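Fold and geometry: a report
Next come the chains, spelled out residue by residue.
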Amino acid sequence: MAIGVLLALMGTACLIQLANVQLINGKSMAQAAAQSRTITVTLKASRGKIMDTNGSILAQSVERYTIIGNPEGAQAFTPITCTKQTGDICHQINGKPVGATGAAAVARLLAPVLDMDATELGAMLSGTGQYAVLKKDVTPAVKRKISKLNLDGIVYAELSNERIYSNGTLMGALLGGVDGEGKGVAGIEQMENKTLTGEDGYQVYQQGNNGVEIPGTMTESKDAVNGSDVTLTINHDVQWYVEKILRESCEKYSSPWGIAVVQDTQTGDILALADSDEIEAGSDRAKMTVSRAVSETFEPGSIGKVFTMSGMIQLGLHQASDKFTVPDHITMNGQTYIDATTHGDEHWTLAGILEQSSNVGMIIAGEKMSNEQRYDFISKFGIGQDNGLGLPGESDGLLYSADQWDLRTQNTVLFGQAYTTNALQLTNAVAVIANKGVKKPQRIIKTISDAEGHSEEQKPGGEATRVIDEQVASQVMNAMESVSDHYQFVKVDGYRVAAKSGTAEVAGADGRLSSIISDYSAIIPADNPRFVVTVVLKAPQSVFGGLTAGPVTAEIGEFLMQKYEVPASSPRTDAIPVTW
């Protein structure tokens, strides 16, 4: 009787609880159960591509997966023996039984597919919780192999992206790289990070005990929007060739490093921005290093004479044909200045002073040019100013105002010393002469195309401004062509070239002015300007820019003429006399 009463009480309690579950709290418990099965899955957006001016891919994100393990599920795992009855849902290794249970069994099945050590995998799956990252950046092919292991609910894949740079060291530091979260942290990846970054989507659905979506349970979703593609003005072929020539030239002249810029004079587009450093794009070094072509500053040396000569003519102080008697040294205000070579009193025109690159001649010609006017024209050519490209790590150089100059600086600025610039600034300053006195803004981003394929042309930052009159630019161009003719070994067969060389002292490893910068900037063709090419070499064996950077510039110029099929130049017939 006692047992019967006890059973009756237990039955009654069960009926009461059943009524509570089914009738009173049934809806709320069902909702709680559904909620416990509901998950939100992030749909990763792909980062946009970076391409050259012709659409060649420089950087892109490819489909990859992060393989996730469920340690609790792995430890409870028991392999299913393969028989006729179990069919394709069983587990075996090379046709043989797994030979283990739990995390060890999962590890044995998974290790060959992931190309990992089974012991290492087993340790990762022996922890607590339900989430452990086993391997990142797995290809879709590997992910498909994992799906055939019948480990649903224990091992699964999360979609991710891997950033691929298909050209190795080409533009390595200039392209930069991304961090572990896919954010641009250096170079163009950093500069255009907002444009390249997409917007992740999501899906909300219920999953079963095996981790697989229960069909028909998706309640909310939002598609991912991939990042926009960025097309540069840089030409892959030109960049490759320039980098190659730079490395070869650094070896030839025993130079620690070299920089080169190729600019389209008609558009302001940068076709090549290169340095001799070999840095793998996307590498840790690329993420921590600013491209030398962007960051390095230096005195332009005698290339700076182009700017001050332009100012003298623009102000009406001189014409390029004016005559001067030039000794090899001069003393002013207790300061002595000398030319690079010893010579007697020479009869040179202003064009001849530029051709011979005479420091003394520039001082004599600039005697009536005030300090403020000297500063004004150097500044108007863009020296010491932001060029508007926005490249990370770029230095504007340094140009002190005239009221800060001492007695020596006021004269050394006439021949490109006592202020610093970078290769991009220097190239665009010389391009003013090529563009008949107009300074055009530079551009390195050509177009931006969104995920739907809509492309938008990117305008250069800033407006074109006139620096000198057209007839002034014509005189300076004429004198620069005589400079090019002066260097008979620096030529491009069939084409006229207007150029200027420079040599300047820079700080060496000892912190003193014990090292040399040799540079050369050329407009080609001189009779119908298409390109400005600037080459900068650090401490080459044959010191002078015309002897080192000059031949490198000519080699690049020859390549450009062939690649772009530029018509040959007409003969030169209007040379301004350089002597009298």
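Preceding this section is the structure that the text describes.
Here is a short report on the structure shown in this document.

Definitions and cut-offs
- Residues numbered from 1 in each chain as written.
- Predicted model: local features only at pLDDT ≥ 70, side-chain atom pairs only at ≥ 80, totals over all residues.
- Heavy atoms only, no water.
- Pairing = 2+ DSSP bridges.
- Helix = DSSP H or I, 4+ residues; strand = E, 2+ residues; numbered from the N terminus.
- Axes fitted to C-alpha atoms, helices over the stretch in contact; angles between N-to-C directions.
- Contact = heavy atoms within 4.5 Å.
- Buried < 20%, exposed > 50% of the residue type's maximum accessible area, 1.4 Å probe, protein only.
- Patch = residues over 30% accessible without salt bridge, like charges linked within 9 Å, V, L, I, M, F, W, Y side chains within 5 Å.
- Areas by Shrake-Rupley, 256 points an atom, 1.4 Å probe, with all protein chains shown as cover.
- Salt bridge = Lys/Arg side-chain N within 4 Å of Asp/Glu carboxyl O.
- 1 Å grid on protein atoms, 1.4 Å probe; cavity = no way out; pocket = protein on both sides within 12 Å on 5 of 7 lines; lining within 4 Å.
- Points joined across faces, edges and corners; volume = space filled by probe spheres on them.
- Nonpolar A, V, L, I, M, F, W, Y, C, P; charged D, E, K, R; others polar.

What the 5 strands build is an open sheet, ordered β12-β11-β25-β24-β23; its pairing is antiparallel. For this open sheet the edge positions go to β12 (270-275) and β23 (498-506), each flanked by a neighbour on one side alone. Going from strand to strand, the sheet's axes swing by 10° on average, the running direction of each strand aside. Strand direction decides the pairing type here: strand β11 (residues 258-264) and β12, joined by 5 bridges, are antiparallel. Each bridged residue has a counterpart across the sheet, and for A260 the counterpart in β12 is A274. This element, helix α10 (residues 236-252), spans β11, β12 and β25 (531-538) of the sheet and lies at about 30° to β12. Against the sheet, helix α18 (residues 423-434) touches β11, β12, β24 (515-524) and β25, its axis set at about 40° to β11.

With that settled, consider the side chain of S484. Inspection of the secondary structure puts S484 in helix α19 (residues 470-486). Relative accessible area serves as the criterion here: at 5%, S484 is assigned to the buried category. Those residues in contact with S484 that sit more than four places away from it in its chain are V490, V497, A498, A499 and Y520.

A few words on a nonpolar patch on the surface. Together, I3, L6, L7 and M10 make up a nonpolar patch on the protein surface, roughly 450 Å² of accessible area in all. Along the chain, L7 falls in helix α1 (residues 2-24). On the basis of relative accessible area, L7 is assigned to the exposed category, the value being 55%.

Turning next to empty space enclosed by the protein. What the rule picks out here adds up to 2 cavities of 30 Å³ or more. Lining the largest cavity we find 13 residues, and of these M171, G172, A173, E243 and D275 sit closest to its centre. Sorting the residues of the lining of the largest cavity by element identifies α7 (172-175), α10 and β12 as the ones contributing at least two each. Estimated volume of the second largest cavity: approximately 60 Å³. Lining the second largest cavity we find S484, V490, V492, V497, Y520, A522, I524, V533, T553, A554 and G557. Elements with a contribution of two residues or more to the lining of the second largest cavity: β24 and α20 (549-563). Residues that form the lining of the second largest cavity fall into these classes: 8 nonpolar, 3 polar and no charged.

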